[in-house]
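# Analysis of the macromolecular model
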Amino acid sequence: MTPPEATVPTEPPAASVSARLATLKKRSDFLACARALKAPTPGFLLQARDRDAAATIRVGFTASKKVGNAVARNRAKRRLRALARAVLATEGRAGWDYVLVARRDETARRPFAELEADLSRALARIHAPRKPS
């Protein structure tokens, strides 16, 4: 039972932040991102594509066997998921697909604040205006 002087939060924690993010599940979506724009960073590789008019941001995570054993791959993907919730939820664009590809050793060892800065810079490069070819 809640004491009468306690304040009740008006919105749920964290659920509202990740409500804009959906997860990529189909291989064809991952392959489409791999053929689109890329922004390498020291901690990971960002792949992105514009899906045309959609309300959600979709994100996928990849860690190959080069990253390490199952424990190392899962740790890298957990960090990438936390990174996406922290940065993509606020700086990502609706209607875009993003894939974060883990790098061996760097994704798991790099300080989280540096990973956040890397993702912000990578998003700025991806969304920078391009010259017509």
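Right, let's talk about the pattern of salt bridges for a bit. In the structure shown here, the tally under the stated rule is 8 salt bridges. For Arg49, the salt bridge is made with Asp29, and the minimal N-O distance between the two is 3.7 Å. Here Asp29 lies in helix H2 (residues 27-35) and Arg49 lies in strand E3 (residues 44-50), a separation of 20 residues in the sequence. By sharing partners, the salt bridges in this structure join Asp29, Arg49, Arg51, Arg58 and Asp97 into a single network.

So, about a positive patch on the surface. On the surface, Arg75, Arg78, Arg81 and Arg85 cluster together to form a positively charged patch. Relative to the elements of secondary structure, Arg85 occurs in helix H3 (residues 70-91).

On to the packing of H3 against helix H5 (residues 112-126), then. Where H3 contacts H5, the two axes come as close as 10 Å, and the packing angle between them is 45°. Accordingly, the angle class assigned to the pair H3 and H5 is oblique. H5 is crossed by H3, and the crossing has right-handed handedness. Here Arg79, Ala82, Leu83, Ala86, Val87, Leu88 and Glu91 of H3 come into contact with H5, specifically with Phe112, Leu115, Glu116, Leu119, Ser120 and Leu123. In terms of residue class, the contact of H3 with H5 is built from 9 nonpolar, 1 polar and 3 charged.

Looking now at the packing of aromatic side chains. Under the defined criterion, the tally for this structure stands at 1 aromatic pair. Consider the rings of Trp96 and Tyr98, whose centres lie 6.3 Å apart with planes at 15°: the pair is stacked. Assigned by exposure class, Trp96 and Tyr98 land together as buried.

So, about the environment of Thr62. Take Thr62: it is sitting in strand E4 (residues 57-62). Spatially, the C-alpha atom of Thr62 lies 9.9 Å from that of Phe44, the residues being 18 residues apart in sequence. Those residues in contact with Thr62, other than ones at most four positions away along the chain, are Phe30, Leu80, Val99, Leu100, Val101 and Ala102.

This paragraph deals with H5. Helix length check: H5, at 15 residues, gives a terminal C-alpha distance of 21 Å against a target of 21 Å (1.5 Å per residue), a fit within 8%. Taken together, the buried positions of H5 are Leu115, Asp118, Leu119, Ala122, Leu123 and Ile126. Angularly, the buried residues of H5 cover 130° about the axis, an arc narrow enough to put them on a single face. Against the buried residues of H5 lie strand E2 (37-40), E3, H3, strand E5 (96-102) and helix H4 (106-109).

Now for H3. The terminal C-alpha atoms of H3, which comprises 22 residues, lie 30 Å apart, in line with the 32 Å expected from a rise of 1.5 Å per residue. The largest bend along H3 reaches roughly 35° and is located at Ala84. Listed in full, the buried residues belonging to H3 are Arg73, Ala76, Arg79, Leu80, Leu83, Ala84, Val87, Leu88 and Ala89.

We now examine the side chain of Thr107. As for its placement among the helices and strands, Thr107 is situated in helix H4. With sequence-adjacent residues up to four places away left out, Thr107 is seen in contact with Gly43, Phe44, Ala76, Arg79, Leu80, Ala102 and Leu115.

This part covers the confidence of the model for the protein. Mean pLDDT for the protein: 86, with 85% of residues reaching 70 or above. Segment residues 12-17 is flagged for pLDDT under 50; beyond a separation of four residues in sequence, or across chains, it makes 3 contacts in the model.

About the criteria used
Residues numbered from 1 in each chain as written. Predicted model: local features only at pLDDT ≥ 70, side-chain atom pairs only at ≥ 80, totals over all residues. Heavy atoms only, no water. Salt bridge = Lys/Arg side-chain N within 4 Å of Asp/Glu carboxyl O. Helix = DSSP H or I, 4+ residues; strand = E, 2+ residues; numbered from the N terminus. Patch = residues over 30% accessible without salt bridge, like charges linked within 9 Å, V, L, I, M, F, W, Y side chains within 5 Å. Areas by Shrake-Rupley, 256 points an atom, 1.4 Å probe, with all protein chains shown as cover. Lys, Arg positive; Asp, Glu negative; His and termini not counted. Charge placed at Lys NZ, Arg CZ, Asp CG, Glu CD. Axes fitted to C-alpha atoms, helices over the stretch in contact; angles between N-to-C directions. Parallel < 35°, antiparallel > 145°, perpendicular 65-115°, else oblique. Left-handed = near helix turned anticlockwise from the far one by under 90°. Contact = heavy atoms within 4.5 Å. Nonpolar A, V, L, I, M, F, W, Y, C, P; charged D, E, K, R; others polar. Phe/Tyr/Trp six-rings, centres within 6.5 Å; stacked < 30°, edge-to-face > 60°. Buried < 20%, exposed > 50% of the residue type's maximum accessible area, 1.4 Å probe, protein only. Expected span 1.5 Å × (residues − 1). Arc of directions from axis to C-beta. Bend = angle between axes of the 7 residues up to and from the residue. pLDDT = per-residue confidence, 0-100.

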